[in-house]
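Structural description and commentary
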Amino acid sequence: MAQGCLKCLKYTMCVANFFCFVSGVALLSFGIYLMVNFRIAALTPSLASLNIPSMLLISGIIITCVSFLGFLGALKENRCLLLTFFLVLFLLMLVELTAACLMLVYEREIGELVTQDLNNGLTNARHSSKNATKMSDWDVVQTMFKCCGVNNYTDWQNNIPKSCCNPPCQGKEPAYYSEGCLERLKNWFEENFLSTGISVIILCIIEVG
C-alpha cells in the first residue's frame, strides 16, 4: 500500500514538473520571439532592461531549470536533487513574496516612476514619428491592449497613430481608444502577478503534499 502511494506521488511529481517544463519552454520561446521582433524597450527608456520580453525570458529560464530539476529528481528518486528542488522552490516563493510586499509598500513610488518613464517614452516616439522602431513598440502595445497613449489619446496631441483607432477606422474623425495604456498595463500586470503566485502555491501544495 505504502509502495503504491509512493509510486503515485512519484508519477504525479513527474507529470506536474513535465507540464511546468513545457510551460517554461513556451514562455522562453515567446520571450525570445518578442525580443527579436519587437523592441518594446522604447516604451520605458530608463527601464529598458526590465521590459516584458526580458522578464518573460528570465521567467522561462527559471521555470525550465527548476521543473527539470524536479522531474529528474522524482524520476531517479534522488534525494539530493529533490532536496535541491524544494529548496530552490522555497527560495523562489520567498523572492516572490518579498517582491509582492515591496510592491505594496512602494506602490505609489513605483507607479510614479513607471508613469514618468512611459511619458518620456511617448514624448520621444511622438517627436520622432519617422523612427519605425519606437513607433512600432507603441503600436504593438496599443493594438494588443486596445489602449491609446499613457492616460488617453490626447497624449499624442496632433500626431495620433493608427494603432489608437478603434475599428472600423473610417471618416475624418475616427474613434480612438478612450483608456490609456498605463491603466491597462497595470491591470494586466496585477492579474498575471496574482495568477502566477496562485500557480506557484498550488504547485507547492501538490508536490509537498
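Keep in mind that what you see is a predicted model, and the values were worked out from it rather than measured.

Some points on the overall build of the protein chain
- A count of helical and extended segments in the protein chain gives six helices and zero strands.
- Starting at the N terminus and walking to the C terminus, you meet the elements of the protein chain as α-α-α-α-α-α.
- The buried share among the 209 residues of the protein chain stands at 30%.
- Residue pairs at least 24 apart in sequence account for 65% of intrachain contacts in the protein chain once pairs closer than 6 positions are excluded.
- Here the protein chain has roughly 13400 Å² of accessible surface; of this, 67% comes from carbon and sulfur atoms.

Quick look at the packing of aromatic side chains
- For the structure on display, the rule yields five aromatic pairs.
- Here the aromatic rings of F21 and F68 are separated by 6.2 Å at their centres, their planes lie at 45°, and the arrangement is tilted. On the criterion of sequence distance, the pair formed by F21 in helix α1 (residues 2-37) and F68 in helix α2 (residues 52-76) is long-range, its members being 47 residues apart.
- Assessed through its relative accessible area of 29%, F21 is described here as partly exposed.

Brief notes about the UniProt feature "transmembrane region" (unreviewed entry) in the protein chain
- Under the local residue numbering, the UniProt record ascribes the feature "transmembrane region" (unreviewed entry) to residues 12-36, 56-75 and 82-106.
- Note that residues 12-36 is 100% helix and 0% strand, and that its end C-alpha atoms are spaced 36 Å apart.
- Along residues 82-106, the helical share is 96% and the strand share 0%, with 36 Å between the first and last C-alpha atoms.

Some points on the state of the cysteines
- In total, this model carries two disulfides according to the counting rule given.
- One disulfide in the model links C147 with C181; its S-S distance is 2.1 Å. Between C147 and C181, the S-S dihedral sits near 90°, and the bridge is therefore right-handed. Here C147 is found in the loop between α5 (132-145) and α6 (181-208), whereas its partner C181 is found in helix α6, with 34 residues between them in sequence.
- A sulfur-sulfur separation of 2.0 Å characterises the disulfide bridge that pairs C148 with C164. When the S-S torsion is 90°, as for the bridge of C148 with C164, the disulfide is right-handed. You can see C148 sitting in the loop between α5 and α6 and its partner C164 sitting in the loop between α5 and α6, a full 16 residues away along the chain.
- Note on C164: relative accessible area 0%, which makes it buried.

Conventions adopted
- Residues numbered from 1 in each chain as written.
- Predicted model: local features only at pLDDT ≥ 70, side-chain atom pairs only at ≥ 80, totals over all residues.
- Heavy atoms only, no water.
- Helix = DSSP H or I, 4+ residues; strand = E, 2+ residues; numbered from the N terminus.
- Buried < 20%, exposed > 50% of the residue type's maximum accessible area, 1.4 Å probe, protein only.
- Contact = heavy atoms within 4.5 Å.
- Areas by Shrake-Rupley, 256 points an atom, 1.4 Å probe, with all protein chains shown as cover.
- Phe/Tyr/Trp six-rings, centres within 6.5 Å; stacked < 30°, edge-to-face > 60°.
- UniProt positions renumbered as here; feature names shortened; annotations may be inferred.
- Disulfide = S-S within 2.5 Å.

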